[in-house]
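Residue-level structural notes
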Amino acid sequence: MERVDILVIGAGVVGLAVANSLADDFDDVVLVEKEETFGRHTSSRNSEVIHSGIYYPENSLKAELCVEGAALIYKFAEEHDVPYRKCGKLVVATCEDEVPALLDLKQNGEQNGVLGLELISSEECNQLEPRIKSIKALKVPSTGIIDTHKLMQAIENEAEKRGAFLVYDMEVISIDTLDEGYQVNFANGESFEARIIINCAGLHSDKIAEMAGINIRRNKLQLHWCKGEYFKVSKIKDIKHLIYPLPDPKGIFLGIHLTINLLGEIRFGPNAYYVNELNYSMDESYKQDFLDAICKYIELDPDILIPDDCGIRPKLQPAGGEFRDFYIQEESVHGFPDFINCIGIESPGLTASLAIADKIKDIVEKL
Ligand SMILES: Cc1cc2nc3c(=O)[nH]c(=O)nc-3n(C[C@H](O)[C@H](O)[C@H](O)COP(=O)(O)OP(=O)(O)OC[C@H]3O[C@@H](n4cnc5c(N)ncnc54)[C@H](O)[C@@H]3O)c2cc1C
C-alpha cells in the first residue's frame, strides 16, 4: 500500500493552494482529486471576483482571510503572470431607505481593515459609470477580477515544481482510522496510508469528514447546497467597475450584481436558492427575478438578457439560519488527530484561498 505523509483531498483552488504551500517544507505531499483535472466544481463556477472583505463580521475567519487573501492573490497573480485587474467596485444605494445600510457597510469594511473606502454622491457615481442609477454609492477600490482557470493552473504548476504529487481520477470513498494516521480508500480499488489528511473537498467536505467518523450532525457541519445562476448580456461593453446592490439582509448572498470579466463582458448574478442535487443546469424561470433586481440600478432591454452558467455554494448556513463562518480545524478535539477539515468554504473562498493555505500550513507545522 502507498504511504504518504500529507494527503490533501480535492483540487479546487483551496486544495491546490494548500498542496503548494506545504510542498516546500514537507517531502511527501499528495493531492487527490476525483475529477480528471482541477477546478471542475465551485472554483470554476463563480464570479471570479477578488473581494475586499467589507461584508463579513469583524474578527470572523471570512473577514480575516479575505483581507489577507486578497493581498496574497494580487501578489501571486503579479509574480506568475495570471491575468487580473483591480477594477474596483461600486455598491449602490438606489433609494433613501438603503443609505443607512451603505454607511454600515463602510464602517464594517473599515473595521475589517479594508482600505480606501469612499462614499460618493449620485453625481460622482454617474461620472464613473454613466449607465448606473444610484442615490449614493460606496466605492471599493481594492476589489478586482481574476482569471480563475489561469490562477489554478499557475498554482498547480508551482505545487508540482515544489515536489507535490497531484493525482486525478482518484475518488475517496472511505477512510479508516489506524493506530497512527488514516487509510484512505479510492473508487479504483487503491488505498493510501496517510499521516495527515487535509479535507478540501468543497461541496463534499462534510461527507469526507463523515467518512473519517466525525459526527457532522452533532457538530453542525452538514453542508447545505445553495445554487447561484448567472445571466449575461453581450450588447453592453462600457462598464468599468463591478456594480453591487446592498447585500441580502439575511446574509445568504450579496445580491444580484453586475460583474465584468477581463474582456469587459457583462454578467449578472448569482441569485441564491437551496438545492438537494448537484445539477448545473440553468432554471430560466428566474429571469424575471433577475430583471426586477437589475432594473433598480441599470436600464436593460429584457430581450438581451440570456442564461449563462451557474455554481453551487457549500454553505454551513441553512435556509433561514444565522451567519456561519469558514470551518477550518484540526480535529483532535473530536478524536481525529492530524485530520484537518476545511468545510463551508463558500464566498469569499476564492479570494481567501492563499490565506487559507497559510493558515493550514501553520496548523500542520505545529502537529
Ligand atoms: C455562484 C458562486 C459565486 C462565487 N463567487 C465568488 C467570488 O466572486 N469570489 C470569491 O472569492 N469566491 C466566490 N465564490 C466562492 C468560491 O468559488 C469558493 O469558495 C471556492 O472556489 C471553493 O474552493 P474549494 O477548493 O474549497 O472547492 P471546489 O472548487 O469545489 O473543490 C473541491 C474539490 O474536491 C473534489 N472532491 C470532492 N469530493 C471528493 C472525493 N470524494 N474524492 C476526491 N476529490 C473530491 C471535487 O471534485 C472538487 O474538485 C463563489 C461561489 C459560488 C458558488
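Please refer to the structure placed before this passage.
One structure accompanies this document, and this report is about it. Keep in mind that what you see is a predicted model, and the values were worked out from it rather than measured.

Calculation rules
- Residues numbered from 1 in each chain as written.
- Predicted model: local features only at pLDDT ≥ 70, side-chain atom pairs only at ≥ 80, totals over all residues.
- Heavy atoms only, no water.
- Helix = DSSP H or I, 4+ residues; strand = E, 2+ residues; numbered from the N terminus.
- Rg over C-alpha atoms; globule rule 2.2 N^0.38 Å.
- Buried < 20%, exposed > 50% of the residue type's maximum accessible area, 1.4 Å probe, protein only.
- Contact = heavy atoms within 4.5 Å.
- Lys, Arg positive; Asp, Glu negative; His and termini not counted.
- Charge placed at Lys NZ, Arg CZ, Asp CG, Glu CD.
- Phe/Tyr/Trp six-rings, centres within 6.5 Å; stacked < 30°, edge-to-face > 60°.
- Lys NZ or Arg CZ within 6 Å of the ring centre and 35° of its normal.
- Salt bridge = Lys/Arg side-chain N within 4 Å of Asp/Glu carboxyl O.
- Axes fitted to C-alpha atoms, helices over the stretch in contact; angles between N-to-C directions.
- Parallel < 35°, antiparallel > 145°, perpendicular 65-115°, else oblique.
- Left-handed = near helix turned anticlockwise from the far one by under 90°.
- Nonpolar A, V, L, I, M, F, W, Y, C, P; charged D, E, K, R; others polar.
- Pairing = 2+ DSSP bridges.
- Right-handed = clockwise from strand over helix to strand, strands pointing away.

**Considering the overall build of the chain**
Within the chain, the regular secondary structure consists of 8 helices and 20 strands. Taking 2.2 N^0.38 as the reference for a compact globule, 367 residues should give roughly 21 Å; the C-alpha atoms of the chain span a radius of gyration of 21 Å, in line with that estimate. Along the longest, intermediate and shortest principal axes, the C-alpha atoms of the chain span 65 × 40 × 35 Å. Among the 367 residues that make up the chain, the fraction classed as buried is 55%. Once local pairs closer than 6 in sequence are excluded, the contacts in the chain between residues at least 24 apart make up 72%. Measuring between centres, the 37 positive side-chain charges of the chain sit 5 Å from its 61 negative side-chain charges.

**Section: the packing of aromatic side chains**
Taken as a whole, this structure holds 6 aromatic pairs when the rule is applied. Taken together, a centroid distance of 5.5 Å and an interplanar angle of 55° make the contact between tyrosine 74 and tyrosine 84 tilted. One end of the pair, tyrosine 74, is in helix 2 (residues 61-79); the other, tyrosine 84, is in strand 4 (residues 84-85), and 10 residues separate them in sequence. Each ring, one from phenylalanine 231 and one from phenylalanine 290, has its centre 4.6 Å from the other, and the planes form 50°; the classification is tilted. One end of the pair, phenylalanine 231, is in strand 13 (residues 224-233); the other, phenylalanine 290, is in helix 7 (residues 287-294), with 59 residues separating them in the sequence. Exposure class is identical for phenylalanine 231 and phenylalanine 290. Each is buried. Over the face of the ring belonging to tyrosine 280 we find arginine 45, whose NZ or CZ atom lies 3.7 Å from the ring centre. The positively charged end of lysine 89 is found above the aromatic ring belonging to tyrosine 244, 3.5 Å away from the centroid.

**Here's the deal with the pattern of salt bridges**
Counted according to the given criterion, the structure contains 19 salt bridges. With a shortest N-O distance of 3.3 Å, lysine 75 and glutamate 79 are connected by a salt bridge. With lysine 75 and glutamate 79 both in helix 2, this residue pair falls 4 residues apart, about one helical turn. Salt bridges here are not isolated pairs; linked through shared partners, they connect Asp24, Glu158, Lys161 and Arg162.

**Re unusual backbone geometry**
A cis geometry characterises the amide bond from glycine 269 onward to proline 270, with omega recorded as -10°. Residue position: proline 270 is located in the loop between strand 16 (266-269) and strand 17 (273-275). With an omega of 10°, the peptide bond running from serine 347 to proline 348 counts as cis. For asparagine 59, which is not glycine, the phi dihedral falls at a positive 70°. Summarising the element assignment, asparagine 59 is placed in the loop between strand 3 (49-50) and helix 2. In this structure, lysine 220 takes a positive phi of about 55° despite not being glycine. Its place among the elements puts lysine 220 in the loop between helix 6 (205-212) and strand 13. Take lysine 220: its relative accessible area is 58%, and that puts it in the exposed class.

**A short note on the packing of helix 1 (residues 13-23) against helix 8 (residues 349-365)**
Across the interface, helix 1 lies against helix 8 with an axial gap of 8 Å and an inter-helix angle of 40°. In terms of orientation, helix 1 and helix 8 fall into the oblique class. Crossing geometry of helix 1 relative to helix 8 is assigned as right-handed. Mapping the contact onto sequence places Val13, Val14, Ala17, Val18, Ser21 and Leu22 in helix 1 and Gly349, Leu350, Ser353, Leu354, Ile356, Ala357, Ile360, Lys361 and Val364 in helix 8. For the contact of helix 1 with helix 8, the residue count by class is 11 nonpolar, 3 polar and 1 charged.

**Here's the deal with the pairing of strand 2 (residues 29-32)**
Residue alternation in strand 2 divides its side chains into two sets, Val29 and Leu31 and Val30 and Val32, and both sets are buried. Relative to strand 2, strand 1 (residues 2-9) is paired through 4 bridges, and the arrangement is parallel. For isoleucine 6, the partnering residue across the bridge sits in strand 2 and is valine 29. In this fold, the crossover linking strand 1 to strand 2 by way of helix 1 has right-handed handedness.

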